Amino acid sequence: MTDIAQQASGQIIAKAPARRDIGIRRRYAAERRFRLYGVAAITFGLVFLFLLLWSVLSKGYTAFQQTELTLPITFSQEIIDPNNKRETDPQVLQTANYPVLVRNALAEKLGVASSNRAALRQVSGLFSDSARVELRDMVMSDPSIIGKTLPVTVLASANIDSAFKGQFDMTVDEASRKVSDQQVAWMDQLAKEGVLAKGFNTGLFVNGNSSRPEAAGLGVALIGSLYLMGIVLVLSLPIGVAASIYLEEFAPKNRLTDLIEVNINNLAAVPSIVYGLLGLAVFINFAGLPRSAPLVGGLVLTLMTLPTIIIATRAALRAVPPSIRAAALGLGASKMQTTFHHVLPLAMPGILTGTIIGLAHALGETAPLLLIGMVAFVANVPATPLDPSTALPVQIYMWANEAERAFVERTSGAIIVLLAFLVIMNLGAILLRRRFERRW
Amino acid sequence: MTEAATEELLDKKMNAVPLKMVGKDVSVYYGDKRALYDVNLNVRENTVTALIGPSGCGKSTFLRTLNRMNDTIDGCRVTGTITLDGDDIYDSSIDVVELRARVGMVFQKPNPFPKSIYENVAYGPRIHGLAKSKADLDQVVEQSLQKAGLWNEVKDRLHEGGTGLSGGQQQRLCIARAVAVSPEVILMDEPCSALDPIATARVEELIHELRTNFTIVIVTHSMQQAARVSQRTAMFHLGNLVEENDTDKMFTNPDDQRTQDYIMGRFG
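Conventions adopted
Residues numbered from 1 in each chain as written. Chains lettered and ligands numbered in written order. Predicted model: local features only at pLDDT ≥ 70, side-chain atom pairs only at ≥ 80, totals over all residues. Helix = DSSP H or I, 4+ residues; strand = E, 2+ residues; numbered from the N terminus. Rg over C-alpha atoms; globule rule 2.2 N^0.38 Å. Buried ≥ 20, exposed ≤ 12 C-beta atoms within 10 Å, placed from the backbone. Contact = placed C-beta atoms within 7 Å. pLDDT = per-residue confidence, 0-100. Pairing = 2+ DSSP bridges. Domains from an automatic or database assignment. Core = buried A, V, L, I, M, F, W, Y, C linked by C-beta atoms within 7 Å. Axes fitted to C-alpha atoms, helices over the stretch in contact; angles between N-to-C directions. Parallel < 35°, antiparallel > 145°, perpendicular 65-115°, else oblique. Left-handed = near helix turned anticlockwise from the far one by under 90°. Nonpolar A, V, L, I, M, F, W, Y, C, P; charged D, E, K, R; others polar. Expected span 1.5 Å × (residues − 1). Bend = angle between axes of the 7 residues up to and from the residue.

*Asks:* I'm lost on the overall build of chain B in this one. Help?
*Replies:* In terms of regular secondary structure, chain B is built from 11 helices and 10 strands. Radius of gyration (C-alpha) of chain B: 18 Å, near the 18 Å computed for a compact globule of 268 residues. Counting only C-alpha atoms and orienting by the principal axes, one finds that chain B spans roughly 55 × 45 × 35 Å. Among the 268 residues that make up chain B, the fraction classed as buried is 45%. Long-range pairs, those at least 24 residues apart, make up 68% of the contacts in chain B between residues at least 6 apart in sequence.

*Asks:* So what exactly am I meant to see when it comes to the overall build of chain A here?
*Replies:* Helices and strands together make up the secondary structure of chain A, namely 19 helices and 3 strands. With the C-alpha coordinates aligned to their principal axes, the bounding extent of chain A is approximately 115 × 65 × 35 Å. Each of the 440 residues in chain A was classed as buried or not, and the buried ones make up 36%.

*Asks:* So what exactly am I meant to see when it comes to the confidence of the model for chain B here?
*Replies:* Low-pLDDT portions of the prediction should not be read for the details of their coordinates. Residues and elements named next belong to chain B. For chain B, mean pLDDT is 87; residues scoring 70 or higher make up 93% of the total. When pLDDT is averaged over each helix and strand of chain B, the minimum, 57, is found for helix H1 (residues 3–12) and the maximum, 94, for strand E8 (residues 215–219). Across the whole predicted complex the pTM is 0.81, and at the interface the ipTM reaches 0.85.

*Asks:* Please explain the pairing of strand E10 (residues 240–246) of chain B as it appears in this structure.
*Replies:* Look at any regular strand and the pattern is simple: side chains alternate between the two faces of the sheet. Residues and elements named next belong to chain B. As defined by bridge partners, strand E9 (residues 232–237) adjoins E10 across 6 bridges and the pair is classed as antiparallel. By the bridge assignment for E10, Phe236 is matched with Leu241. In this structure, the hairpin formed by E9 and E10 is closed by a connection of 2 residues, where Leu238 is found at a positive phi of approximately 50°.

*Asks:* Can you help me understand the domain arrangement of chain A in this one?
*Replies:* Where interface size is quoted, it is often the accessible area lost as the parts come together. Structurally, chain A comprises domain 1 (67–201) and domain 2 (219–436). Put simply, the middle of domain 1 of chain A and the middle of domain 2 of chain A, counted by C-alpha atoms, are 46 Å apart.

*Asks:* I keep staring at the nonpolar core and nothing clicks. Help me out?
*Replies:* In this structure, Leu51, Ala176, Ile186, Leu187, Ile216, Val217 and Ile218 of chain B are the most contacted members of the largest nonpolar core, which totals 75 residues. The greatest single-element share of this core, amounting to 7 residues, is contributed by helix H7 (residues 167–180) of chain B. When residues no more than four places from it in sequence are discounted, the contact partners of Ile218 of chain B are Val48, Ala50, Met188, Pro191, Ile207, Val229 and Ser230 of chain B. Counting 60 residues, the second largest nonpolar core, distinct from the first, contains Leu228, Ile372, Leu392 and Ile415 of chain A.

*Asks:* Honestly, unusual backbone geometry in this entry has me stumped. Any pointers?
*Replies:* Residue and element names in this part refer to chain B. One non-glycine residue with positive phi stands out, namely Asn46, at about 50°. Tracing the backbone through its elements, the reader meets Asn46 in the loop between strand E2 (33–44) and strand E3 (48–52). With 17 C-beta atoms packed within 10 Å, Asn46 lands in the partly exposed category. Of note, the phi angle at Leu238 is positive, near 50°, even though the residue is not glycine. With respect to the secondary-structure elements, Leu238 resides in the loop between E9 and E10.

*Asks:* Even after reading the chapter, I still don't get the packing of helix H4 (residues 117–127) of chain B against H7 of chain B, so can you show me in this structure?
*Replies:* The angle between the axes and the distance between the axes are what describe a pair of packed helices. All names here are of chain B. Orientation of H4 relative to H7, taken along the N-to-C sense of each, is 25°, at an axis distance of 7 Å. Taken together, the axes of H4 and H7 are roughly parallel relative to one another. Read as a crossing pair, H4 and H7 show a hand that is right-handed. Contact residues: H4 offers Ile117, Asn120, Val121, Gly124 and Pro125, while H7 offers Leu173, Ala176, Arg177 and Ala180. Here the residues of the contact of H4 with H7 sort into 6 nonpolar, 2 polar and 1 charged.

*Asks:* It is not clear to me how the packing of H4 of chain B against helix H5 (residues 134–147) of chain B should be interpreted in this structure. Could you clarify?
*Replies:* Residue and element names in this part refer to chain B. Remark: H4 packs on H5, axes separated minimally by 9 Å, with the N-to-C direction vectors making an angle of 110°. Taken together, the axis directions place H4 and H5 in an arrangement best described as roughly perpendicular. The crossing of H4 and H5 is right-handed. In this structure, H4 uses Tyr118, Val121, Ala122 and Pro125 to contact H5, whose residues at the interface are Leu137, Val140, Val141, Ser144 and Leu145. Per-class residue counts for the contact of H4 with H5 are 8 nonpolar, 1 polar and no charged.

*Asks:* What's the story with helix H16 (residues 335–363) of chain A in this structure? I'm lost.
*Replies:* Since there are 3.6 residues in each turn of an α-helix, residues three or four apart along the chain are aligned in direction. With 29 residues, H16 of chain A extends just 36 Å between its outermost C-alpha atoms, more than 12% less than the 42 Å of an ideal straight helix rising 1.5 Å per residue. Of all the bends in H16 of chain A, the largest measures some 50° and sits at Met348 of chain A, one to four residues before the proline Pro349 of chain A.

*Asks:* Would you take a moment to explain the confidence of the model for chain A for this structure?
*Replies:* Taken as a whole, chain A shows an average pLDDT of 88; of its residues, 96% reach a score of 70 or greater. In the predicted structure, residues 1–8 of chain A sits below a pLDDT of 50 and forms 6 contacts with residues beyond four places in sequence or in another chain.

*Asks:* What should I look at first to understand the sheet that holds E2 of chain B in this one?
*Replies:* Backbone hydrogen bonds hold the strands of a sheet together, and the pairing may be parallel or antiparallel. Residues and elements named next belong to chain B. An order of E2-E1-E4-E5 is seen for the 4 strands of this open sheet, with the pairing classed as antiparallel. Looking along the sheet, the strands with just one partner apiece sit at the ends: E2 and strand E5 (87–88). Across 8 bridges, strand E1 (residues 19–30) lies against strand E4 (residues 76–84) in antiparallel orientation. By the bridge assignment for E4, Lys24 is matched with Thr81.

*Asks:* Would you mind going over the interface of chain B and chain A with me for this structure?
*Replies:* Between chain B and chain A, the contact holds 21 residues from the first and 17 residues from the second. Of all the secondary structure elements, the ones that give two or more residues to the side of chain B that touches chain A are helix H3 (96–102), strand E6 (103–106) and H4 of chain B. Top contributing element to the side of chain B that touches chain A by residue count: H3 of chain B, with 4 residues.

*Asks:* Is there a simple way to think about the sheet that holds strand E7 (residues 185–189) of chain B in this case?
*Replies:* Residue and element names in this part refer to chain B. Ordered by their spatial adjacency, 6 strands build an open sheet running E6-E7-E8-E3-E9-E10, and the pairing between neighbours is mixed. The open sheet has two edge strands with one neighbour each: E6 and E10. The average undirected angle you get between the axes of adjacent strands in this sheet is 20°. Both E3 and E9 contribute to a ladder of 4 bridges, which runs parallel. Bridging from a neighbouring strand, Leu51 pairs with Ala234 of E9.

*Asks:* So what exactly am I meant to see when it comes to the pairing of strand E1 (residues 65–74) of chain A here?
*Replies:* Residue and element names in this part refer to chain A. Two elements, E1 and strand E3 (residues 196–200), share 5 bridges in a ladder whose sense is antiparallel. By the bridge assignment, Glu68 is partnered in E3 with Ala197. Pairing of E1 with strand E2 (residues 149–155), which is carried by 7 bridges, proceeds in the antiparallel orientation. Considered in E2, the bridge of Thr70 is made with Thr153.

*Asks:* Which parts of the structure should I look at to understand helix H19 (residues 405–436) of chain A?
*Replies:* Residues and elements named next belong to chain A. In this model, H19 (32 residues) spans 47 Å end to end at C-alpha, consistent with the 46 Å of a helix rising 1.5 Å per residue. Every buried residue of H19 is listed here: Ala406, Phe407, Val408, Glu409, Arg410, Thr411, Ser412, Gly413, Ala414, Ile415, Val417 and Leu418. The inward-facing, buried residues of H19 abut helix H2 (24–60), helix H8 (158–164), helix H10 (203–206) and helix H18 (392–400).

*Asks:* How should I be thinking about the environment of Ala30 of chain A in this particular structure?
*Replies:* Its place among the elements puts Ala30 of chain A in helix H2. Here the alpha-carbon distance between Ala30 of chain A and Leu418 of chain A, two residues 388 residues apart in the chain, equals 42 Å.

Below, the structure written as structure tokens:
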């Protein structure tokens, strides 16, 4: 208790002097408590962000490396074209048994007798069946290599890849393991000889989807997402900005524009899968556009992104001080000159930020793409936005459904790629805002 | 002849000065609310006309009807006629863009564009096509800044931001910007209310100089300012024009009791 309080209680006066200290302690305590809540909330968020990143990065970073076998392979005519009919029958080179070439080369390296069929089968388990396509392409493009011996790099099989990266528990009984003790021994031997080594996984960024995890890549998904983003940007930025400028600067304020505003805000909250259904009904069933095509996906995502861009743009336009408009109008600038010379440049950072955030949102969107068939298994890179394709988040969704151990790291690897794109886009938004920000 | 004597002579001749703008039965409505009641007010050529009155009396509203800035406010309606050199400015044949080029405006708060000083002044001439070449434009910018008494202060930093100037300089920049399109009338809406006394004195001096080339209508809350800069004064109260008179008479011997009371500080 303070002196004033004692004085007040000791004196007989009509009204005690105001006690300004009442509750001050409690007020400060409340403030401290509130700050603590804030710190706790942020910590909570950061912990989960860290957990997410840790989980994804620790599982996924290995996807950027791929175990490969580099060894001299003899393109022997007896195996590729035993009857020497390749001049007359092009089917011969198509259908030749190329994996045997790799198997034989490996068997020779490991000293496995060609009569030991069981051992040979195990040798075949060391390398990926994608070698068939790789060698076939080599021979088809240059048939003169038949009969020669060339050093070739083929992918190790998914199981060897996982084992080599130490992702298998070797203490488990051999029968319930994906790799045998013999294969592990060979693997170690090959690694020691420098035949088997880890290299940067370019296939992850180039290849299309594959049921063999070691050969599966994000190539199609990356191109598909690129098409999607391009279409969304080209359509939603001009439409969104034009709509916002008209609504904010030119349209009369009446019931109709109020209704439009309410509806735009509502559209921003509509679940994305509904846009997918809309796209299915309108673009595919009614307009007859092809299924699984990035064009349709882009249109659907444009519809989904438009409200976001319109809301952000209108907010940015509204943030431009009215005095700037008055100054321009007072000088005799027309409404359009005022808008395009003064208001729009000042609103630009906000518009760009909104657009990039909208695009980032669209980049990570999966649900509407599932409905318009972009969830297809696509192995070939789409040449145009009308060809079947997938997108990054859909590819993640598809890989997450696969059973092999090797797909786990690919799924996480794909998530890392997607997150990297999102981070780059958001960084871009921040940089643009900094770059164009002007004070008044 | 001394300057003071010249001024006296000018004031005496006031009634002979031609009318630049004539407002006849001007009423303004904001939606259902009426802000001005049948105002009849004349603006004389090359004269500073001050509009005074308590807050919310309609003086700014009247000022803004003179270059149709009220058009930008939703639900604002103007009745009556306002003429500029005899032409009704609310006539459908009048282009509002052209009107505003002839009747410029300076606002209460300095509002330079967030661009360079040069660009601020050059913007008006550029959109109205007043300068044919870069050299022409340079000349217009220099002359305008000189008329606004800002040239010597900014000539070395024309391409620096206009928002980096001090408040008083910014307001003079806004005046230069208005002057650059060669208007016939300049409307000023409390141009000194955001300025310190020194900057205010500078702007008042400037208004005095501008009077030779332009017709000026100024809204002000400061009685002293009205007395210092204007030759004619109009007093508004509750949307009505109370009195319009020569400034000298207005401040010494007004016709209306309300004017007397307001000037003496009894209300407002």
